[in-house]
Amino acid sequence: MKKGLLIVLSGPSGAGKGTLLAEVRKNGFDFALSISVTTRQPRNGEVDGVNYFFKTKAEVEAMIAKGELLESEEVFGEIYGTSQKFVEAKLDEGKDVVLEIDTKGALKVKEKMPSAIMIFIVPKDLETLHSRLVGRGTETAEKIALRFGKAKEEIARAVKYDYILINDKIEDCAEQFVEIINSEKLKVAREENQQLIESFK
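Residues numbered from 1 in each chain as written. Predicted model: local features only at pLDDT ≥ 70, side-chain atom pairs only at ≥ 80, totals over all residues. Heavy atoms only, no water.

A. Representation of the packing of aromatic side chains within the structure. For the structure shown, the criterion picks out 6 aromatic pairs. Measuring from ring centre to ring centre gives 6.3 Å for F29 and F31, while their planes differ by 35°; the resulting arrangement is tilted. Both residues of the pair, F29 and F31, belong to the buried class. In textbook terms, an aromatic cluster arises when at least three aromatic residues are bridged by ring pairs, as seen for F29, F31 and F177. (Phe/Tyr/Trp six-rings, centres within 6.5 Å; stacked < 30°, edge-to-face > 60°. Buried < 20%, exposed > 50% of the residue type's maximum accessible area, 1.4 Å probe, protein only.)

In structure tokens form, the structure reads like this:
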């Protein structure tokens, strides 16, 4: 069975990561979305193993100590992380796995799994990004300013990624995303393609 690809998707808040993945899936591209491990309590309607893997702090700390998480981060006193076992199980099933994560976590994942395909998504310019953050109407001006500042920091780390997508029209962005994955699967360096070449000898 062909092994799936690990696709790491990052971008600033307001870049359209969730919208992109919804469009890609709507167009028939099948993938597994990585489910994070967290120490926080489930919210109403959240299901263990679907929205998150809900764990106690002791359990997550033990996972970190054993090196079972590809990356982890503490946010407002709660730990969030990515289970290496979950990701590798899906890849071994032949599923492509998308990990939607911030740049710091993404670079940790790349260290542990160098074959990960790193994709960064941005709007066409900073003005568009700012208007999207304001347009949500869910946050104060102070919080928007903080998010905007963080967005600039994250965009600066995009130089460490393999691909950059400009989300001007979501349909075009989704098409380019699928083109990247399809071209990656055709690379000679991939194990199954190496095996194919060997079979002709």
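B. A look at the packing of helix α5 (residues 126-135) against helix α6 (residues 141-156). Taken N-terminus to C-terminus, the directions of α5 and α6 make an angle of 140°; their axes are 10 Å apart at the nearest point. Every pair of crossing elements has a handedness; the one defined by α5 and α6 is right-handed. Residue-level inspection shows L126, L129, H130, L133 and V134 of α5 in contact with α6, the latter providing I144, R147, F148, A151, K152 and I155. Of the residues assigned to the contact of α5 with α6, the class counts are 8 nonpolar, 1 polar and 2 charged. (Axes fitted to C-alpha atoms, helices over the stretch in contact; angles between N-to-C directions. Helix = DSSP H or I, 4+ residues; strand = E, 2+ residues; numbered from the N terminus. Left-handed = near helix turned anticlockwise from the far one by under 90°. Contact = heavy atoms within 4.5 Å. Nonpolar A, V, L, I, M, F, W, Y, C, P; charged D, E, K, R; others polar.)

C. Looking closely at the sheet that holds strand β7 (residues 97-100). Taken in spatial order, the 5 strands make up an open sheet running β2-β7-β1-β8-β9, and their pairing is parallel. Strand pairing shows two members of the sheet lacking a second neighbour, β2 (32-33) and β9 (163-166), which therefore form its edges. The sheet contact formed by β2 and β7 spans 2 bridges and is parallel. Residue pairing for β7: L33 is matched across the bridge by V98. (Pairing = 2+ DSSP bridges.)

D. Representation of the pairing of strand β8 (residues 117-122). Along β8, 6 of the 6 residues are buried, which leaves the element largely enclosed by surrounding structure. Side chains of β8 alternate between two faces, with I117, I119 and I121 and M118, F120 and V122 buried alike. Here strand β1 (residues 6-10) pairs with β8 via 4 bridges, running parallel. Bridge pairing in β8 places I7 opposite I117.

E. Here's a closer look at the pattern of salt bridges. Taken as a whole and judged by the stated rule, the model has 10 salt bridges. In this structure, E93 and K90 form a salt bridge, with 3.9 Å as the shortest nitrogen-oxygen distance. On the basis of relative accessible area, E93 is assigned to the partly exposed category, the value being 45%. Linking E192 and R190 is a salt bridge whose minimum nitrogen-to-oxygen distance equals 2.5 Å. E192 gets classed as buried once you look at its relative accessible area, which sits at 17%. R190 gets classed as buried once you look at its relative accessible area, which sits at 15%. (Salt bridge = Lys/Arg side-chain N within 4 Å of Asp/Glu carboxyl O.)

F. Inspection of the pairing of β1 at higher detail. When you tally the buried positions in β1, you get 5 out of 5 residues, the bulk of the element. Burial along β1 is two-sided: the residues L6, V8 and S10 and I7 and L9 are all buried. For β1 and β7, the ladder comprises 4 bridges, and the chain directions are parallel. Bridge assignment links I7 to a residue of β7, and that residue is V98.

G. Up close: the packing of helix α1 (residues 17-26) against helix α7 (residues 170-185). Relative to each other, α1 and α7 sit at 70°, their axes nearing to 9 Å. Between α1 and α7, the angle falls in the class roughly perpendicular. Crossing of α1 against α7: the hand is right-handed. Facing T19, L20, L21, E23 and V24 of α1, the residues of α7 in contact are I170, E171, C173, A174, F177 and V178. When grouped by side-chain class, the residues that make up the contact of α1 with α7 number 8 nonpolar, 1 polar and 2 charged. (Parallel < 35°, antiparallel > 145°, perpendicular 65-115°, else oblique.)

Just geometry here; none of it tells us what the structure is for.
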